[in-house]
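One letter stands for each residue in the lines below.
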Amino acid sequence: MLASTLAACGGDGESSRPTLNWYNFPDDSGALQEAADRCSRESGGRYRIVYNKLPRAADGQRQQMVRRLAAEDDSLDILGLDVTWAAEFAEARWIKEWTGENKRRATEGTLDVPVQTATWKGKLYAVPYNTNIQLLWYRKDLVPKAPTTWAEMLDMSRGLARQGKPHFVEIQGAQYEGLTVWFNSLINSAGGSILNAGVTEPSLGPPAVKAASIMRDLARSPAADPSLPNQMEDQNRLAMESGVAAFEINYPFVYPSMKSNNPALFKNFRWAVYPRVDADRPSRPTIGGIDLAVSAYSRHPDLAFDAALCLRDRENQLNAALKGGLPPTLRAIYDEPDFMKEYPFSKEVLASLESASVRPLTPAYQNVSIAVSHTLSPPSDIQPESDVDTIREQIDKALRSEGVIP
């Protein structure tokens, strides 16, 4: 009977360790599972991390976590948040603030812009896990050097079209988050922003009109892929690999894909920083990625903070970069030989991250994004001045929780 009682209590076995449930995007490379296993081993028996895969689509990921957090589900411990969600989750009091030593460890050596995505009202609510940024990818056999501005790129595309050569500029034109990212990158590159510094009202103005004009001009030019209004990142990748495009605005995942799927074309596949709107103003592409937060309802919050820091440490970030192609948020990794070899474009990625823009940091972000993507879709129908006025009105209502966003 005594032996049975001891066995039921767990003794020094696996069941005696607290389980920390980590919810994150589904990773096919195996890097996230390896991180969970490694941190579990190195915890010294203090905890065991279980990696739970969320749906593939970002909307599905958010929906699942929002429903469970609203129900105060205490089986969630570590949450992989899209970089646009921290403000919403913090305002709802679903995630815990990072303070003291945890905050110091979370921010030390971390790139500044990723930290901004995890911050709300001056307080840190998550630790940047990985990041992402778009580059300009182009074919060296079609153009001698990368264009530096959007105007130059469109001119190059028109010239290639006249010669009967591949000339499309692949970009995300479907009515979804990618369209908002395109607009956000352009408006910030033009010196503006979607919201004011206090995130209390729309900013927009002339930079927004310029951004919308560039989107319309591309959509009405030979540079536009006929499928532009329905294209997302993966369709852009496939079009570039098929040989019909000269340029592509996309994330680094396209590099290993091109290498594997079209070795012949890969020999001429090159990259450069995101195109500028104005020749004398650096571009400011929109940052992406995942931040790790601790649920307000976790039964083991102290352990969850420690585990989250382990999951995003140097070794795990480097492994995720080499295996899954996820750009790190720790600055020092960009100087690591292994990373630089795997990421020959690491210098351009780092430069882009250091000047990157963030999407509006507001609890109403989902409504802001919908207002932008619905108004600017399809890009060929954009009326720059009137559409910017529409976006301004809808965002103003969204920030004041008035009206219905389409």
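Details of the structure are given in the entry above.
This is a predicted model, so every value here is computed, not measured.

1. Focus: the overall build of the protein chain
- A tally of regular secondary structure across the protein chain gives 18 helices and 11 strands.
- Considered along the principal axes of its C-alpha atoms, the protein chain spans approximately 85 × 55 × 30 Å.
- Taking all 406 residues of the protein chain together, the buried fraction comes to 55%.
- Across the protein chain, the fraction of contacts at a sequence separation of at least 24, relative to all contacts at a separation of at least 6, is 74%.
- Summed over all atoms, the accessible surface of the protein chain reaches about 17,200 Å², with 49% contributed by carbon and sulfur.
- Averaging the positions of the 44 positive and the 51 negative side-chain charges in the protein chain gives two centres separated by 3 Å.

2. Some thoughts on helix α8 (residues 177-189)
- For α8, with 13 residues, the first-to-last C-alpha span of 18 Å sits near the 18 Å given by 1.5 Å per residue.
- Burial analysis of α8 places 12 of its 13 residues in the buried class, the great majority of the element.
- Burial in α8 covers these residues: G178, L179, T180, V181, W182, F183, N184, S185, L186, I187, N188 and S189.
- Those residues of α8 hidden inside the fold are in contact with α7 (150-162), α9 (206-219) and α17 (365-375).
- G191 sits one or two positions beyond α8 and adopts a positive phi of about 95°.

3. Topic: the sheet that holds strand β6 (residues 127-132)
- What the 5 strands build is an open sheet, ordered β2-β1-β3-β11-β6; its pairing is mixed. The open sheet has two free edges, formed respectively by β2 (48-53) and β6, since each of these has just one partner strand. Strand after strand, the sheet turns through a mean of 20° between neighbouring axes, direction not considered.
- One ladder, built from 5 bridges, connects strand β3 (residues 78-82) with strand β11 (residues 288-294); its direction is antiparallel. The residue of β11 that forms the bridge with L79 is A293.

4. What to know about the nonpolar core
- Judged by nonpolar contacts, the single largest core of 50 residues is most densely connected at W22, M65, F89, W98 and L292.
- Considering every element that reaches this core, the biggest residue donor is helix α13 (residues 301-311), with 8 residues.
- In contact with L292, not counting residues within four places along its chain, are W22, N24, I78, L79, G80, W98, A126, V127, Y129, A308 and L311.
- Grouped together as the second largest cluster of nonpolar side chains are 45 residues, L142, L154, I171 and I395 included.

5. Considerations on the environment of K347
- Inspection of the secondary structure puts K347 in helix α16 (residues 346-354).
- Separated by 190 residues in sequence, K347 and S157 have C-alpha atoms that sit 26 Å apart.

6. What about the packing of aromatic side chains?
- Counted by the stated rule, this structure contains 18 aromatic pairs.
- The interplanar angle of 80° and the centroid separation of 5.0 Å between the aromatic rings of Y334 and F339 together place this pair among those described as edge-to-face.
- Relative to Y343, the ring of F339 lies with its centre 4.5 Å away and its plane at 25°, an arrangement referred to as stacked. Of the two residues examined, F339 and Y343, each falls in the buried class.
- Members of the aromatic cluster, each reached through a chain of ring pairs, are W137, Y255, F266, F269, W271, Y334, F339, Y343 and F345.

7. Observations regarding the side chain of S298
- Residue position: S298 is located in the loop between β11 and α13.
- Assessed through its relative accessible area of 8%, S298 is described here as buried.
- Of note is the side chain of S298, whose polar atom sits 2.6 Å from the side chain of D77.
- Discounting residues that sit within four places of it in the chain, S298 has contacts with D74, L76, D77 and A304.

8. Section: the sheet that holds strand β8 (residues 168-170)
- Strand order across the open sheet formed by 4 strands is β8-β9-β7-β10, with mixed pairing between neighbours. What marks the edges here is a single partner per strand, and that holds for β8 and β10 (269-272). Adjacent strand axes in the sheet meet at a mean angle of 20°, parallel and antiparallel pairs treated alike.
- Two elements, β8 and strand β9 (residues 245-250), share 3 bridges in a ladder whose sense is parallel. Residue V169 lies in a different strand from β9, and its bridge partner there is F247.
- Against the sheet, helix α10 (residues 233-242) touches β7 (135-139), β8, β9 and β10, its axis set at about 155° to β9.

Thresholds, definitions, all that
Residues numbered from 1 in each chain as written. Predicted model: local features only at pLDDT ≥ 70, side-chain atom pairs only at ≥ 80, totals over all residues. Heavy atoms only, no water. Helix = DSSP H or I, 4+ residues; strand = E, 2+ residues; numbered from the N terminus. Buried < 20%, exposed > 50% of the residue type's maximum accessible area, 1.4 Å probe, protein only. Contact = heavy atoms within 4.5 Å. Areas by Shrake-Rupley, 256 points an atom, 1.4 Å probe, with all protein chains shown as cover. Lys, Arg positive; Asp, Glu negative; His and termini not counted. Charge placed at Lys NZ, Arg CZ, Asp CG, Glu CD. Expected span 1.5 Å × (residues − 1). Pairing = 2+ DSSP bridges. Axes fitted to C-alpha atoms, helices over the stretch in contact; angles between N-to-C directions. Core = buried A, V, L, I, M, F, W, Y, C linked by side-chain atoms within 4.5 Å. Phe/Tyr/Trp six-rings, centres within 6.5 Å; stacked < 30°, edge-to-face > 60°. Polar contact = N/O pair within 3.5 Å; in protein donor to acceptor, adjacent residues only side chain to side chain.

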